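# Coordinate analysis (summary)
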Amino acid sequence: MTGLQQFDLSGQVAVVTGASRGIGAALAVGLAEAGADVALLARSECDAASAAIAAVGRRRIQVKVDIGKPGVCAAALAQVETDLGPPTILVNNAGIIRRADFEDYSRQDWDDVMAVNLDGVFDLSQAFARSCLHAGRKGRIINIASMLSFQGGVRVAAYTASKSALLGLTRALANELAPQGINVNAIAPGYIATDNTAPLRADEARNASILDRIPAGRWGDPTDLVGAAVFLASPAAAYVHGTVLAVDGGWLAR
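Scope of this entry: the structure provided in the associated data block. Here the structure is a predicted model, which is why all the values come from computation and not from measurement. (Residues numbered from 1 in each chain as written. Predicted model: local features only at pLDDT ≥ 70, side-chain atom pairs only at ≥ 80, totals over all residues. Heavy atoms only, no water.)

### A word on the pattern of salt bridges
Rules: Salt bridges are counted wherever a side-chain nitrogen of Lys or Arg sits within 4 Å of a carboxyl oxygen of Asp or Glu. Starting at the N terminus, helices and strands are each numbered in turn, a helix being any DSSP run of H or I of at least four residues and a strand any DSSP run of E of at least two.
In the structure shown here, the tally under the stated rule is nine salt bridges. Among the salt bridges present, the one from Arg98 reaches Asp109, with a minimum N-O distance of 2.8 Å. In this pair, Arg98 sits in the loop between strand 4 (89-92) and helix 4 (107-135) while Asp109 sits in helix 4, placing the two residues 11 residues apart along the sequence. Among the charged side chains, a salt-bridge network with shared partners connects Asp37, Arg58 and Arg59.

Next up, the structure:
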């Protein structure tokens, strides 16, 4: 396989979490445009992404699930396998953020963020890996990290801790699963215009300070991440293991 054929995802079944909007919806549609059939996992309806996937002629299903709840991930993947086929690509995108000064940060907020951003990723990745390994099937796991996998942030203790841990988990799983044909990598988005970043964009001073540090001079759009996801999911990334690809408009280079 050579040239652009290396990026063809035809015959693949992708699972994307947090697919109802924002980054998850954009990645789900982008993987479908590259040829994959897609399972849309989310707590709410994914009608817009589902319609866009249908428009490019790919199969899709919606699985309503809260991956932050214990014991649900294996059943969700079993439903994907039954309704769509054995999954070969997993995009762990679902994430939540809670903002508060550290002295006021509640243990409930901490637990809620960790449950989705880290525990859910562990559970779903383990179920996916077991499915691949038991069938002798190759696979791709793509974790959506953050600039706060590298930096501390402000008023987001749990989110920063979860995304820093996610980067470590990515590397640990890559070390263990690479010899068995499963690639594990991460994408670290920069400042992307999503619901999670709406409070930052609404704060005029904070928005200006963020834009001033981004060499590209703009907030990212969720579609800016599609190329990175297709690459990491494709045969073109066969020898890429345990890496994190920053898609940040140059933020980390500043």
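### Describing the sheet that holds strand 1 (residues 13-17)
The criterion, for reference: DSSP calls a pair of strands paired once it identifies at least 2 bridges connecting them. Here an angle of 0 to 180 degrees is reported between the N-to-C directions of two axes, which are lines fitted to C-alpha atoms, with helices fitted over the stretch in contact. Contacts are assigned to residue pairs that have any heavy atoms within 4.5 Å of one another.
If you walk across this open sheet you meet the seven strands as 3-2-1-4-5-6-7, and the pairing is parallel. Only two strands of the sheet have a single neighbouring strand rather than two, namely strand 3 (60-64) and strand 7 (244-247). The mean inter-strand angle of the sheet, taken between neighbouring strand axes irrespective of direction, is 20°. As judged from the six bridges shared by strand 5 (residues 139-144) and strand 6 (residues 182-189), these two strands associate in the parallel manner. Along strand 6, the bridge assignment pairs Ile141 with Val184. Helix 1 (residues 22-33) rests against strand 1, strand 2 (37-42), strand 4, strand 5 and strand 6 of the sheet, and its axis sits at about 170° to strand 1. In the packing of helix 2 (residues 47-55) onto the sheet, contacts are made with strand 2 and strand 3, and the angle to strand 3 comes to roughly 165°.

### Focus: the pairing of strand 5
Successive residues of a regular strand alternate their side chains across the two faces of the sheet. Short version of the rule: Think of it in three bands: residues with accessible area under 20% of the maximum for their type are buried, residues over 50% are exposed, and the middle band is partly exposed, with areas taken using a 1.4 Å probe on protein chains only. The definition of a right-handed crossover adopted here requires that, viewed with the strands pointing away, the path from the first strand over the helix to the second runs clockwise.
Burial of strand 5 is extensive: six of the six residues sit out of reach of the surface. Going residue by residue along strand 5, you find Gly139, Ile141 and Asn143 tucked away on one face and Arg140, Ile142 and Ile144 tucked away on the opposite face as well. Looking at chain direction, strand 4 and strand 5 are connected through four bridges and run parallel. Residue pairing across strands places Asn92 opposite Asn143, the latter belonging to strand 5. Taken together, strand 4, helix 4 and strand 5 form a β-α-β motif whose crossover is right-handed. A crossover links strand 5 with its parallel partner strand 6, the connecting element being helix 5 (residues 157-177), and its sense is right-handed.

### Digging into the environment of Phe102
Among the secondary structure elements, Phe102 is positioned in the loop between strand 4 and helix 4. A sequence separation of 149 residues divides Phe102 from Trp251, and the C-alpha atoms of the two residues are 25 Å apart.

### Here's the deal with helix 4
For clarity, the cut-off: Between the first and last residue of a helix there are one fewer steps than residues, each counted as 1.5 Å, and that sum is the expected span. We define the bend at any residue as the angle between the axes fitted to the seven residues before and including it, ending there, and the seven starting there.
Helix length check: helix 4 (29 residues) gives 40 Å between terminal C-alpha atoms against 42 Å at 1.5 Å per residue, within 8%. Of all the bends in helix 4, the greatest measures close to 40° and is centred on Ala115. A positive phi of about 65° marks Gly136, the residue just after helix 4.

### What about the side chain of Thr160?
As for its position among the elements, Thr160 is in helix 5. Using a relative accessible area of 10% as the deciding quantity, one classes Thr160 as buried. Residues within four places of Thr160 in sequence aside, it is in contact with Leu148, Gln151, Gly152 and Gly153.

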